[in-house]
Amino acid sequence: MRRPGYSALHLIGLSVGLACVLLIGLFVRDELSYDRFHPDADRIVRLSAQGTFDNGFQFSLGGLPDGAASFLAETLPEVEAITVTSAPFEMTIHAGGERVVEDGFVYADPHFFDVFGFELIAGDTSAFWRNDRAVLITPSLAQRVFGDADPIGQMLMLGAESGLEVVGLVADPPEQSHLQFSVLQPVETNGEWYMGGRPTYARLRTMVDTATVVPALQTALLDRLADQGAVAFEVEAIPLTRLYLHAAPYSAAFSSGAGLLRGKAAYVWAFGIAAVLVLLVSCISYVTLATAQAAGRTREVGVRKAVGAGGVQIVRQFLAETTVLTLSALIIGVGLAYLALPALNALTDKALRIDPGDPFVWLLFGGVGLIVTLLCGLYPALGLSRVQPVRALAGRLTIGRGAWTRRGLVAGQFAISAGLLLCALTMERQLDFLSQQSLGFAGEQLVRLDRVRADAYDAFKADLLTLPGVRGVTSAPEFPNSMSGWATFEVASGDTMAKTTFDVMKTDADFPATFGATMIAGRYLDA
């Protein structure tokens, strides 16, 4: 610490760099851990299908027809268990004297717990499957609705007189689960084959069995649904542990109603590479300062060598100094990361935390600390250990290859920093472009109101139009950029009738004025 300025620069550079690396490490670990809490998660797959009609229309199903699930369970020994669920949906419940929209309702069939590892905390599943008005709820929902009272046997009220009986508690899904729910409702699959699908998951005896399951299912789907116009089917069997990051964004698993939380493997790779580059920049900064400082310590090394110190002792001394500085920077970096965690969680919509009881945290800290110590300490230490005492005492000495080495390190540091800055600016420009790109309708001043009853819509619309700030009201099942409805029509083509499939959205005559949509040709529908 005879040169506090150098030490302060070392500490600041390393501390900020280590804080960034630690935060990125926590984020990457969280992204890679999705759905791995289930027992034998590597044998669970999500099954979905996409295909083509005889008129050329291509479609994607978020799962499989009920008949397909029953077929797999009954005919293929490779399937250990299979379950059909639903995408999370909303229902209005009464809690604390207030009406609350709960968006975590999910249907589950009797094999739900045979496939997944969600823990049943209390209650009996046999009573759950026997009663279609029974539900399993999570402790978090039970606390919100019933407080500290025992929820078993209570009624989850959906209205003044209707309700669902709580027969058990199921643990809240971990944050690293792509399937999130607060209420499970029983559903019985009837085995009927039809053109539609719900999320379907299968537990296989081995992952090799996908080579048998997929072709058999494709053949069965085509045979059973040919009378509905299907001419081709392609089945996807996506491993559960790869579903969150690696399923293609336009696969059948992500069609409308699939109900998936998903990330992107490209983002994980990008952040991982950024962490490595930030760590490298921090280490280069340290090395350049350390080599510059080492030039002033050559006489000290020369004296130590003249009195008998060996090269190994010199290396140990400088590595020990680097270790102390790295540990100090690591402690400060952990503090900075802890302070920055709330902002990162708000940005990523996660609940990342630094848990001292988590072995991964210690492995991350220890691994980063060791790498930094070796990268930062070895080059200056080895350079100083090779000095000749006579040249060192005479002051005619350079470390390594001298100025060229330091210039190369500085150039590399500048190039990496400029590259990271350029990537950040490019991402910011791209996000600005996306936020300002026209969607084909004026969405900035639109407000969506869900769960308006059809029989009350006309009166509700009239009341809204009396408000001074309301310029238009219309009805639509979804926004135009997320349409999922479709219908097939027969259209005259010469002397024959050809089947043509269109995207369909039901709305009313006020739709174009309310959305600010422009007719390209023709006229809009009459009221």
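Here the structure is shown first, and the text comes after it.
Residues numbered from 1 in each chain as written. Predicted model: local features only at pLDDT ≥ 70, side-chain atom pairs only at ≥ 80, totals over all residues. Heavy atoms only, no water.

A. Just the overall build of the protein chain, in detail. Looking only at helices and strands, the protein chain has 15 helices and 14 strands in total. Put simply, the protein chain has 527 residues, and 41% of those count as buried. When contacts within the protein chain are restricted to residue pairs at least 6 apart in sequence, long-range pairs at least 24 apart make up 72% of them. Accessible area of the protein chain: about 28,900 Å², with a carbon and sulfur share of 59%. (Helix = DSSP H or I, 4+ residues; strand = E, 2+ residues; numbered from the N terminus. Buried < 20%, exposed > 50% of the residue type's maximum accessible area, 1.4 Å probe, protein only. Contact = heavy atoms within 4.5 Å. Areas by Shrake-Rupley, 256 points an atom, 1.4 Å probe, with all protein chains shown as cover.)

B. Geometry of the side chain of serine 15. Tracing the chain through its elements places serine 15 in helix α1 (residues 4-32). When its relative accessible area of 3% is taken as the criterion, serine 15 is described as buried. Within polar-contact distance, the side chain of serine 15 engages the backbone oxygen of leucine 11 at 2.5 Å. (Polar contact = N/O pair within 3.5 Å; in protein donor to acceptor, adjacent residues only side chain to side chain.)

C. Structural context of helix α2 (residues 66-75). Among the 10 residues of α2, seven are classified as buried, and the element is accordingly described as predominantly covered. Those residues of α2 not exposed but buried are Asp66, Gly67, Ala68, Ala69, Ser70, Phe71 and Leu72. Where the residues of α2 are buried, they touch β1 (44-53), β3 (79-84), β11 (200-204) and α6 (210-225).

D. Representation of the nonpolar core within the structure. Core analysis: the largest hydrophobic core is formed by 34 residues, its most contacted members being Leu18, Leu279, Leu341, Ile354, Phe365, Val368 and Val372. Secondary structure elements with two or more residues in this core: α1, α7 (240-246), α8 (265-294), α10 (311-348) and α11 (359-385). The biggest single contributor to this core is α1, with 10 residues. For leucine 18, the residues in contact, after removing those within four places along its chain, are Leu279, Thr326, Ala329, Leu330, Val368 and Val372. (Core = buried A, V, L, I, M, F, W, Y, C linked by side-chain atoms within 4.5 Å.)

E. Main features of helix α5 (residues 139-146). Those residues of α5 that fall on the buried side of the exposure criterion are Leu141, Ala142, Val145 and Phe146. For α5, the buried positions fall inside an angular range of 100 degrees around the axis, keeping them on one side. Glycine 147 sits one or two residues past α5 and shows a positive phi near 70 degrees. (Arc of directions from axis to C-beta.)

F. Molecular detail of the side chain of lysine 461. In this fold, lysine 461 is placed in helix α14 (residues 457-465). Relative accessible area serves as the criterion here: at 13%, lysine 461 is assigned to the buried category. A polar side-chain atom of lysine 461 sits 3.4 Å from a polar atom in the side chain of aspartate 508. Look past the residues within four positions of lysine 461 in its chain and what remains in contact with it is Val473, Asp508 and Asp510.

G. Structural view of the pattern of salt bridges. Enumeration over the complete set of coordinates arrives at 10 salt bridges. Residue glutamate 31 pairs with lysine 350 through a salt bridge whose shortest N-O separation is 2.6 Å. A residue pair is termed long-range when its members are at least 10 positions apart, and glutamate 31 in helix α1 and lysine 350 in the loop between α10 and α11 qualify at 319 residues. What makes glutamate 31 buried here is its relative accessible area of 5%. The closest approach of N and O atoms between glutamate 102 and arginine 144, which form a salt bridge, is 2.7 Å. In this pair, glutamate 102 sits in strand β5 (residues 98-108) while arginine 144 sits in helix α5, placing the two residues 42 residues apart along the sequence. Given a relative accessible area of 8%, glutamate 102 falls into the buried group. On the basis of relative accessible area, arginine 144 is assigned to the partly exposed category, the value being 49%. Several salt bridges converge on common partners, so that one network encompasses Asp40, Arg43, Glu80, Arg203 and Arg205. (Salt bridge = Lys/Arg side-chain N within 4 Å of Asp/Glu carboxyl O.)

H. Layout of the packing of aromatic side chains. One pass over the full model with this rule turns up 14 aromatic pairs. The interplanar angle of 85 degrees and the centroid separation of 5.3 Å between the aromatic rings of phenylalanine 112 and phenylalanine 113 together place this pair among those described as edge-to-face. Taken together, the ring pairs connect Phe37, Phe112, Phe113, Phe116, Phe118, Phe181 and Tyr201 into an aromatic cluster. (Phe/Tyr/Trp six-rings, centres within 6.5 Å; stacked < 30°, edge-to-face > 60°.)

I. A look at the pairing of β11. By the criterion of burial, β11 is predominantly enclosed, with five of the five residues buried. As defined by bridge partners, β1 adjoins β11 across four bridges and the pair is classed as antiparallel. Considered in β11, the bridge of isoleucine 44 is made with arginine 203. (Pairing = 2+ DSSP bridges.)

J. How the structure looks around the environment of aspartate 103. In this fold, aspartate 103 is placed in strand β5. For aspartate 103, a relative accessible area of 49% gives the class partly exposed. Note: C-alpha distance between aspartate 103 and proline 88 (15 residues apart in sequence) is 6.6 Å.

K. Focus on a nonpolar patch on the surface. Taken together, the side chains of Ile12, Val16, Ile332, Leu336, Tyr338 and Leu339 make up a nonpolar region of the molecular surface, amounting to roughly 610 Å² of accessible area. Those elements giving two or more residues to the nonpolar patch turn out to be α1 and α10. Take the nonpolar patch: its biggest share by element is four residues, from α10. On the secondary structure map, leucine 336 appears in helix α10. (Patch = residues over 30% accessible without salt bridge, like charges linked within 9 Å, V, L, I, M, F, W, Y side chains within 5 Å.)

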